[in-house]
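# Observations on the three-dimensional arrangement
One letter stands for each residue in the lines below.
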Amino acid sequence: LLYRVVSKVASNSGFAVFVTHLCVSDLLMGVYLATIGVADRLYLGTYLWQDTTWKASTACQVAGFLSLLSSEVSAFLICLITLDRFLVLRFPFSQLHFHPRSAHVACAVLWCVGLSLATVPLLPATQHWHYYSQTGICIPLPITRKAFGGQRYSFSIIIVLNFVLFLLIAVGQLVIYWSIRTNSMSSADTSRKSKDLTIARRLLTVAMSDFLCWFPIGVLGLMASKGVAVPGEVSV
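Residues numbered from 1 in each chain as written. Predicted model: local features only at pLDDT ≥ 70, side-chain atom pairs only at ≥ 80, totals over all residues. Heavy atoms only, no water.

## Remarks on the overall build of the protein
- Scanning the protein from terminus to terminus reveals eight helices and zero strands.
- Beginning at the N terminus, the succession of helices and strands in the protein can be written as α-α-α-α-α-α-α-α.
- Here the protein, with 236 residues, has 38% of them falling under the buried criterion. (Helix = DSSP H or I, 4+ residues; strand = E, 2+ residues; numbered from the N terminus. Buried < 20%, exposed > 50% of the residue type's maximum accessible area, 1.4 Å probe, protein only.)

This is how it looks when you write it as structure tokens:
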């Protein structure tokens, strides 16, 4: 993030704007993980007696908020990056591309959506959920048959929404890969072929990393929703 901000690398493209916002989103996840790590050291050996105190603390609420915000905004941004690459590679001479201004506007909308999703559990009408106080990691993953406040909300966001986003990303990446491969095969420029295929492999890596992150959680969530017992060790 610092490298991109200080050097203003490729700041004249929508793609660079999306990646910079993705860096910010990932930084928030880093803050969340650091908070959980500090709590782990702070309560080492005494957590059994501090469990309720920690989960009800402001630090846990903020950590859970940052985790949900970061994960959803990141998924949305990867979708936007996929769309941006698709437009650039499939319609290289079209004006229908993301420019810095339109990219910033799109990112602002995504941040507003992400903030809304993460704020819903904190509203007066949903405070009885105690949403971010369900678990020691401050985010209730719907991968258990045990009912909890806000379970349907958690399932719809963490399982359903992320699954839909992954499908969009996967389809987009496959279309991009096929488009690049077709164009490369018809091109006599060997260096262009190599460059295009390298870009395609990188984009597929993005899709695969997203898949490896969310697919296990999605499967466990669907199993739990159908009444299948998920052992505690698997949840951890």
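Back to the text.
## Describing the confidence of the model for the protein
- With 89% of its residues at a pLDDT of at least 70, the protein reaches an overall mean of 85.
- Summarising per-element confidence for the protein, the mean pLDDT is lowest in helix 8 (residues 232-235) (74) and highest in helix 5 (residues 100-119) (95). (pLDDT = per-residue confidence, 0-100.)

## A word on the nonpolar core
- Of all hydrophobic cores here, the largest spans 50 residues; its most connected members are Phe18, Leu68, Leu69, Tyr131, Tyr132, Ile139 and Ile158.
- Per element, the largest residue contribution to this core is 15 residues, and it comes from helix 4 (residues 58-90).
- Among residues more than four places away in sequence, those in contact with Ile158 are Leu68, Tyr131, Ile139, Pro140, Leu141, Pro142, Trp214 and Ile217. (Core = buried A, V, L, I, M, F, W, Y, C linked by side-chain atoms within 4.5 Å. Contact = heavy atoms within 4.5 Å.)

## Some details on the pattern of salt bridges
- Applying the stated criterion across every chain yields a total of two salt bridges.
- Of the charged contacts, one joins Lys55 and Asp51 as a salt bridge, the two residues approaching to 3.3 Å between their closest N and O atoms. Taken together, the positions of Lys55 and Asp51, both in helix 3 (residues 47-55) and four residues apart, correspond to about one turn of that helix.
- You can call Lys55 buried: its relative accessible area is 17%. (Salt bridge = Lys/Arg side-chain N within 4 Å of Asp/Glu carboxyl O.)

## Section: the packing of helix 2 (residues 14-42) against helix 5
- For the pair helix 2 and helix 5, the least separation of the axes is 8 Å and the interaxial angle reads 30°. Our classification of the angle between helix 2 and helix 5 gives roughly parallel. Between helix 2 and helix 5 lies a crossing of right-handed hand. Together, Gly14, Val17, Phe18, His21, Val24, Ser25 and Leu28 of helix 2 and Pro100, Ala103, His104, Ala106, Cys107 and Trp111 of helix 5 make up the contact between the two elements. (Axes fitted to C-alpha atoms, helices over the stretch in contact; angles between N-to-C directions. Parallel < 35°, antiparallel > 145°, perpendicular 65-115°, else oblique. Left-handed = near helix turned anticlockwise from the far one by under 90°.)

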